[in-house]
Amino acid sequence: MNSLEIVKTAVMAADSKKGKDIQVIGIRDISVLADYFVLVTGDSSTQVKALADEIEFKLSEAGEAPHHIEGRQSGWICLDFSTVVIHVFYKDQRNYFKLEHLWEDGDRIDIEKLLEE
């Protein structure tokens, strides 16, 4: 899978589990960390875990295994698929860390187009 296919699969998985405020930021031109960040919020620690599990499951079904997973016991789970890093937050952690602002120079991707395809 290419980076955009990973993003699309992650966004669709997060949307299927009622993830909130899903955002995709293209960072390829401003960082060597990854091509994209995907940010999604859950309303509870249980939903955060369910979102991360569903994203990991759908990507593994497509043949993509995470390079690394961090934060399974916290309100912020980071799934690193090398070219795409997926951040699943509990709302308080997302509001505190404000990654959208940290990466505001990145390209915002319209997730509605990803969900339509």
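Scroll up for the structure.
Just so it is clear, the model here is predicted, and its values are computed rather than measured. (Residues numbered from 1 in each chain as written. Predicted model: local features only at pLDDT ≥ 70, side-chain atom pairs only at ≥ 80, totals over all residues. Heavy atoms only, no water.)

Trainee: Describe the packing of helix α1 (residues 3-16) against helix α2 (residues 45-61), and please don't skip the residues or the numbers.
Mentor: Packing of α1 against α2 brings their axes to within 9 Å, and their N-to-C directions diverge by 140 degrees. When the interaxial angle is binned, α1 and α2 end up oblique. The two elements α1 and α2 meet at a crossing, and its hand is right-handed. Here Ile6, Thr9, Ala10, Ala13, Ala14 and Ser16 of α1 come into contact with α2, specifically with Leu51, Glu54, Ile55, Lys58 and Leu59. Residue composition of the contact of α1 with α2, grouped by class: seven nonpolar, two polar and two charged. (Axes fitted to C-alpha atoms, helices over the stretch in contact; angles between N-to-C directions. Helix = DSSP H or I, 4+ residues; strand = E, 2+ residues; numbered from the N terminus. Parallel < 35°, antiparallel > 145°, perpendicular 65-115°, else oblique. Left-handed = near helix turned anticlockwise from the far one by under 90°. Contact = heavy atoms within 4.5 Å. Nonpolar A, V, L, I, M, F, W, Y, C, P; charged D, E, K, R; others polar.)

Trainee: Could you give me a rundown of the environment of Gln93, with the residues and numbers involved?
Mentor: When you line up the elements, Gln93 lands in helix α3 (residues 91-97). Taking relative accessible area as the criterion, Gln93 reaches 26% and is therefore assigned partly exposed. Spatially, the C-alpha atom of Gln93 lies 9.4 Å from that of Ser74, the residues being 19 residues apart in sequence. (Buried < 20%, exposed > 50% of the residue type's maximum accessible area, 1.4 Å probe, protein only.)

Trainee: So what's going on with the packing of aromatic side chains? Which residues, and what values?
Mentor: According to the stated counting rule, one finds four aromatic pairs in the structure shown. Each ring, one from Phe37 and one from Trp103, has its centre 5.2 Å from the other, and the planes form 85 degrees; the classification is edge-to-face. Pair noted here: Phe37 is in strand β2 (residues 36-42) and Trp103 is in the loop between α4 (99-102) and β6 (107-109), with a separation of 66 residues, a long-range link. Residue classification places Trp103 among the buried residues on the basis of a relative accessible area of 15%. Considering the side-chain rings of Tyr96 and Phe97, the 4.9 Å spacing of their centres and the 90 degrees angle between planes classify their relative orientation as edge-to-face. Aromatic ring contacts, followed pair by pair, group Trp76, Phe89, Tyr96 and Phe97 into a single cluster. (Phe/Tyr/Trp six-rings, centres within 6.5 Å; stacked < 30°, edge-to-face > 60°.)

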